[in-house]
Amino acid sequence: MPVLKQIELPPRGLETLFGVHDQNIKYLESLLAVRIDARGQDVSIDGDPQDVATAERILEDFSELFREGRSFTDKELREAFAQIAEDRAFSLRDYFTKARFNPAGKKQVAPKSATQRKYIQAIQEQDVVFGIGVAGTGKTYLAVALAVQALMLKQVNRIVLARPAVEAGEKLGFLPGDLQEKVDPYLRPLYDALFDLIDYERVTKLLEKQVIEVAPLAFMRGRTLADAFIILDEAQNTTSEQMKMFLTRIGFGSKAVITGDVTQVDLPAGKRSGLIEAERVLANLDGIEFVYFTEKDVVRHKLVQMIIKAYDEHSRKREM
């Protein structure tokens, strides 16, 4: 049976909440089975009882945050609405006061999906976290952001970012330059994340002092890393031996995040992916958490979601 609720909002808050041409409220209505109308300062919510309760909580949180002087953008509100619709235990207040963080004072970072939020929480709470899923879901970027935050808060003494140098359809040996120049293109996404989060001069100094190290996975052999935040990116291209080698580098006071997409393995035929094997071997160990991303978590251009979905459907048809 439909339920009707009424809430009073601050006068100027209505304009912010509803957005240009009411786009924000229309988006919220599309996520929840409700209709939201405004008359003066009064807002009425009509619809499914559970969805009405969720919308009421959103509007009450908005009213309180607005009165506290919080500012909002349309993009932020819509991202928050989507996450609350996906996870009803989450709230607008959580999004604007707990979920977002600023690792190094340059750029604020916020989870854009419930899975991203779960991933951030897992990294904060566990010593070893695997982030597995399709490209564009923020696995690497969020891990680097949390590593930078841990370094700035002096929770770790250094950051180590590693990737296996495996050719994705192109031969490494034919690239120009010395070994470092050949390897750099494989590490570029890690540098990009760093420079997005920290000022260029500061990153350069940290790299020079090796407080932050970006290196091919092979450079990890024989080392033990204590008090470090270690990230292994593109882990689907590790062999079983390399994955075991990496995981046994972890020392006291360290945290490790392993990211990868098991649908994009570029290893030579006959080589087993260390990431796929680790899913089976380590699934039930305490202190290790696996977080899985899908095309719903893609935060790149909306076409990327559609492209990933189309390829998945094509692969399934070929397997039938």
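Anything mentioned here points back to the structure above.
Because the structure is a prediction, the values reported are computed rather than measured. (Residues numbered from 1 in each chain as written. Predicted model: local features only at pLDDT ≥ 70, side-chain atom pairs only at ≥ 80, totals over all residues. Heavy atoms only, no water.)

Novice: It is not clear to me how the nonpolar core should be interpreted in this structure. Could you clarify?
Specialist: General note: in soluble globular proteins, nonpolar side chains tend to be found buried as a group. Counting 36 residues, the largest nonpolar core has Tyr 119, Leu 194, Ile 198 and Phe 229 as its most contacted members. Among the elements of the structure, helix H6 (114-125), helix H7 (139-152), strand S5 (158-163), helix H8 (179-197), helix H9 (200-208), strand S6 (212-216) and strand S7 (228-232) are those that each provide at least two residues to this core. With 9 residues, the top contributor of residues to this core is H7. Once you skip the residues sitting within four places of it in the chain, Tyr 119 turns out to touch Val 129, Gly 131, Gly 138, Lys 139, Leu 142, Ala 143, Val 257, Thr 259, Val 291 and Phe 293. Leu 14, Val 43, Ile 45 and Phe 66 belong to the second largest nonpolar core, which has 30 residues in total. (Core = buried A, V, L, I, M, F, W, Y, C linked by side-chain atoms within 4.5 Å. Buried < 20%, exposed > 50% of the residue type's maximum accessible area, 1.4 Å probe, protein only. Helix = DSSP H or I, 4+ residues; strand = E, 2+ residues; numbered from the N terminus. Contact = heavy atoms within 4.5 Å.)

Novice: Teacher, can you tell me more about the pairing of S5 here?
Specialist: Two faces, one strand: in a regular strand the side chains alternate between the faces of the sheet. The buried fraction of S5 is high, at 5 of 6 residues. In the sheet, S5 pairs with S7 via 5 bridges, with the strands oriented parallel. The partner of Arg 158 across the bridge, within S7, is Ala 228. Inspection of the sheet shows S5 paired to S6 by 5 bridges, in the parallel sense. In the sheet register, Ala 162 faces S6, and the bridge partner there is Ala 215. (Pairing = 2+ DSSP bridges.)

Novice: Even after reading the chapter, I still don't get the packing of helix H3 (residues 49-67) against helix H4 (residues 74-86), so can you show me in this structure?
Specialist: With their axes 11 Å apart at the nearest point, H3 and H4 run at an angle of 145° to one another. Relative to H4, H3 is oriented so that their crossing is right-handed. Along its contact with H3, which presents Thr 54, Arg 57, Ile 58 and Phe 62, the element H4 presents Leu 77, Phe 81 and Ile 84. Partitioning the contact of H3 with H4 into residue classes produces 5 nonpolar, 1 polar and 1 charged. (Axes fitted to C-alpha atoms, helices over the stretch in contact; angles between N-to-C directions. Left-handed = near helix turned anticlockwise from the far one by under 90°. Nonpolar A, V, L, I, M, F, W, Y, C, P; charged D, E, K, R; others polar.)

Novice: What is the right way to look at unusual backbone geometry in this model?
Specialist: Excluding glycine, a negative phi dihedral is what most residues carry, and trans is how most peptide bonds are arranged. The backbone of Gln 210 shows a phi angle near 60°, a positive value even though the residue is not glycine. Looking at where Gln 210 falls in the secondary structure, it is placed in the loop between H9 and S6. Although it is not a glycine, Glu 234 sits at a positive phi angle of roughly 55°. Residue position: Glu 234 is located in the loop between S7 and helix H10 (240-247). The exposure class of Glu 234 is partly exposed, given its relative accessible area of 26%.

Novice: Honestly, H10 in this entry has me stumped. Any pointers?
Specialist: Each α-helix winds once per 3.6 residues, and so residues spaced three or four apart point in a common direction. Where H10 is concerned, the buried positions are Ser 240, Met 243, Met 245 and Phe 246. The elements touched by buried residues of H10 are strand S4 (128-132), S7, strand S8 (255-260) and helix H11 (274-282).

Novice: Mind showing me how you'd approach the side chain of Gln 236 here?
Specialist: Inspection of the secondary structure assignment puts Gln 236 in the loop between S7 and H10. For Gln 236, a relative accessible area of 1% corresponds to the buried category. Not counting residues within four places of it along the chain, the set of residues in contact with Gln 236 comprises Gly 260, Asp 261, Val 262, Gln 264, Val 265, Leu 267, Ser 273 and Leu 275.

Novice: Teacher, can you tell me more about the sheet that holds S8 here?
Specialist: Hydrogen bonds along the backbone pair up the strands of a sheet, which may run parallel or antiparallel. Here we have 6 strands laid out as an open sheet, ordered S6-S5-S7-S8-S4-S9, and parallel in their pairing. The sheet terminates laterally at S6 and strand S9 (288-292), the two strands that pair on one side only. Strand after strand, the sheet turns through a mean of 15° between neighbouring axes, direction not considered. Sheet topology places S4 next to S9; 5 bridges connect them, and they run parallel. Within S9, the residue paired with Val 129 across the bridge is Glu 289.

Novice: Quick question: what am I supposed to make of the pattern of salt bridges here?
Specialist: For side chains bearing opposite charge, pairing can occur when the charged atoms are close. Taken as a whole and assessed by the stated rule, the structure comprises 15 salt bridges. Of the charged contacts in the structure, one is a salt bridge between Asp 196 and Lys 107, with a shortest N-O distance of 2.8 Å. Of this pair, Asp 196 sits in helix H8 while Lys 107 sits in the loop between helix H5 (92-99) and H6, placing them 89 residues apart in sequence. With a shortest N-O distance of 3.5 Å, Arg 163 and Glu 234 are connected by a salt bridge. Of this pair, Arg 163 sits in strand S5 while Glu 234 sits in the loop between S7 and H10, and the two are 71 residues apart along the sequence. (Salt bridge = Lys/Arg side-chain N within 4 Å of Asp/Glu carboxyl O.)

Novice: Help me understand the packing of aromatic side chains in this model?
Specialist: Working definition: an aromatic ring pair is given by the centre-to-centre distance plus the angle between the planes. Counted by the stated rule, this structure contains 8 aromatic pairs. With 5.1 Å between their ring centres and 85° between their planes, Tyr 119 and Phe 293 make a pair best called edge-to-face. One end of the pair, Tyr 119, is in helix H6; the other, Phe 293, is in the loop between S9 and helix H12 (302-319), with 174 residues separating them in the sequence. Tyr 119 sits in the buried class, given a relative accessible area of 0%. Between Phe 195 and Tyr 200 the ring centres are 5.1 Å apart and the planes differ by 20°, which places this aromatic pair in the stacked class. Counting every residue linked through ring pairs, the aromatic cluster contains Phe 62, Phe 66, Phe 72, Tyr 95 and Phe 96. Over the ring of Phe 90 we find Arg 117; its NZ or CZ atom is 3.6 Å from the centre of that ring. (Phe/Tyr/Trp six-rings, centres within 6.5 Å; stacked < 30°, edge-to-face > 60°. Lys NZ or Arg CZ within 6 Å of the ring centre and 35° of its normal.)

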